[in-house]
Amino acid sequence: MTKITLVEAVKLKSILKKRIHELEDEMRRVAFTTVEKGNSPVKGLRTLQIVETELDEVRLDSRVLDRLMYRANIDNEIEFQVDQLAIVEAIELATQLRAKAQFYKELSMAQKEEIQYGYSESTIVYRVALFEPEDYRVKSLQAEKDAHKLSNLINAKNYSIILDFDDAKYF
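Remember, predicted model here, so these are calculated numbers, not experimental data.

Asker: Hey, could you run me through the packing of aromatic side chains in this one?
Answerer: Enumeration according to the criterion identifies two aromatic pairs in this entry. Measuring from centroid to centroid gives 5.0 Å for Tyr-104 and Tyr-136, while their planes differ by 80°, and the two rings are edge-to-face. Of this pair, Tyr-104 sits in helix α3 (residues 87-108) while Tyr-136 sits in helix α4 (residues 133-160); the two residues are 32 residues apart in sequence, bridging distant segments of the chain. Under the relative-accessibility criterion, Tyr-104 is labelled buried at 17%. Ring centres of Phe-131 and Tyr-136 lie 5.3 Å apart, and the angle between their planes is 80°; on these two criteria the pair is classed as edge-to-face. By the ring-pair criterion, three or more aromatic residues cluster together here, those being Tyr-104, Phe-131 and Tyr-136.

In structure tokens, the structure reads:
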């Protein structure tokens, strides 16, 4: 059996998804035809059964590839900030770091103090930040750096992981 890297598997997974949709569309096209009353339908070269069989094969390959990718993402680890993380956990952490960076950016754009209009005609009301916006700008930049670093470590690891999968039908 040939082998592919986890990086290739990720790309192949998107190719298989696209192929499944294409075959489903083809099944819809070959399943019906229009004929005049009394005439026999003309069948194309690819019958519904042929396309259905091919679709089942691609779906099987997709499931097998999923299993191999999930197993690889659980069994393989990377080191990040003195922690050993399974790839699946590292992927989630990178997503969380990006969300954290975005939220911290929002906080960093806050005014330290701003007047609030419409609360009272006679009393001046202020909205006061109970934090330093500049601190959150710095934290945002750090979270973004950490997310990039972690993503690079994940990508590097994905190039080193080999899966037993024959991709000859698709590449």
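From this point, the narrative continues.
Asker: Please clarify how the nonpolar core should be interpreted in this entry.
Answerer: Across soluble globular proteins, you tend to see nonpolar side chains buried next to one another. The biggest cluster of nonpolar side chains holds 29 residues, and the ones touching the most others in it are Leu-6, Leu-65, Leu-150 and Leu-163. At the level of secondary structure, the elements contributing two or more residues to this core comprise α1 (6-30), α2 (48-75), β2 (77-80), α3 and α4. With residues near it in sequence (within four places) discarded, Leu-65 still touches Ile-4, Ala-9, Leu-12, Lys-13, Leu-16 and Phe-165.

Asker: Just to check I follow, could you spell out the pairing of β2 for this structure?
Answerer: Looking down a regular strand, the side chains alternate between one sheet face and the other. Every second residue of β2 is oriented toward a common face, the buried set being Ile-78 and Phe-80 and the non-buried set Glu-77 and Glu-79. Direction of pairing for β2 relative to strand β3 (residues 83-86): antiparallel, over a ladder of four bridges. Looking at the pairing, Glu-79 lines up with Gln-84 of β3. Between the end of β2 and the start of β3, which pair antiparallel, lie two residues, with Gln-81 showing a positive phi angle near 50°.

Asker: Quick question: what am I supposed to make of the packing of α3 against α4 here?
Answerer: The N-to-C vectors of α3 and α4 enclose an angle of 160°; their axes lie 8 Å apart at closest approach. By the angle between their directions, the pair α3 and α4 is classed as roughly antiparallel. The hand of the α3/α4 crossing is left-handed. Split by residue class, the contact of α3 with α4 holds 15 nonpolar, four polar and eight charged.

The rules behind each value
Position numbers for residues start from 1 in each chain and track the written sequence from start to end. Totals for whole chains, interfaces and linings use all residues, but because this is a predicted model, local features are given only for residues with pLDDT of at least 70 and pairs of side-chain atoms are given and counted only at 80 or more. Excluded from the side-chain calculations are hydrogens and water; all other atoms, namely the structure's heavy atoms, are used. Geometry of aromatic contacts follows a simple scheme: Phe, Tyr and Trp rings, the Trp one being its six-membered ring, pair when their centres are within 6.5 Å, and the pair is stacked under 30 degrees between planes, edge-to-face over 60, tilted otherwise. The way it works is that DSSP assigns letters per residue, a run of H or I at least four long becomes a helix, a run of E at least two long becomes a strand, and they are numbered from the N terminus. Relative accessibility under 20% of the residue-type maximum defines a buried residue, over 50% an exposed one, and the middle range a partly exposed one, all with a 1.4 Å probe and only protein chains included. Within this scheme, the nonpolar core is defined by two criteria: the residues are buried Ala, Val, Leu, Ile, Met, Phe, Trp, Tyr or Cys, and they are joined through side-chain atoms within 4.5 Å. Residue contacts are defined here by distance: any two heavy atoms, one from each residue, within 4.5 Å place the two residues in contact. A strand pair is defined by DSSP finding two or more bridges across the two strands. Structural elements are reduced to axes, namely lines fitted to C-alpha atoms, with helices fitted over the stretch in contact, and the angle between N-to-C directions of any two is expressed from 0 to 180 degrees. Oblique is the label for every angle not falling under 35 degrees (roughly parallel), over 145 degrees (roughly antiparallel), or within 65 to 115 degrees (roughly perpendicular). Take the far helix as your reference; a near helix turned counterclockwise from it by less than a right angle gives a left-handed crossing, and one turned clockwise gives a right-handed crossing. Each residue receives one of three labels: charged for Asp, Glu, Lys and Arg, nonpolar for Ala, Val, Leu, Ile, Met, Phe, Trp, Tyr, Cys and Pro, and polar for the others, Gly being one of them.

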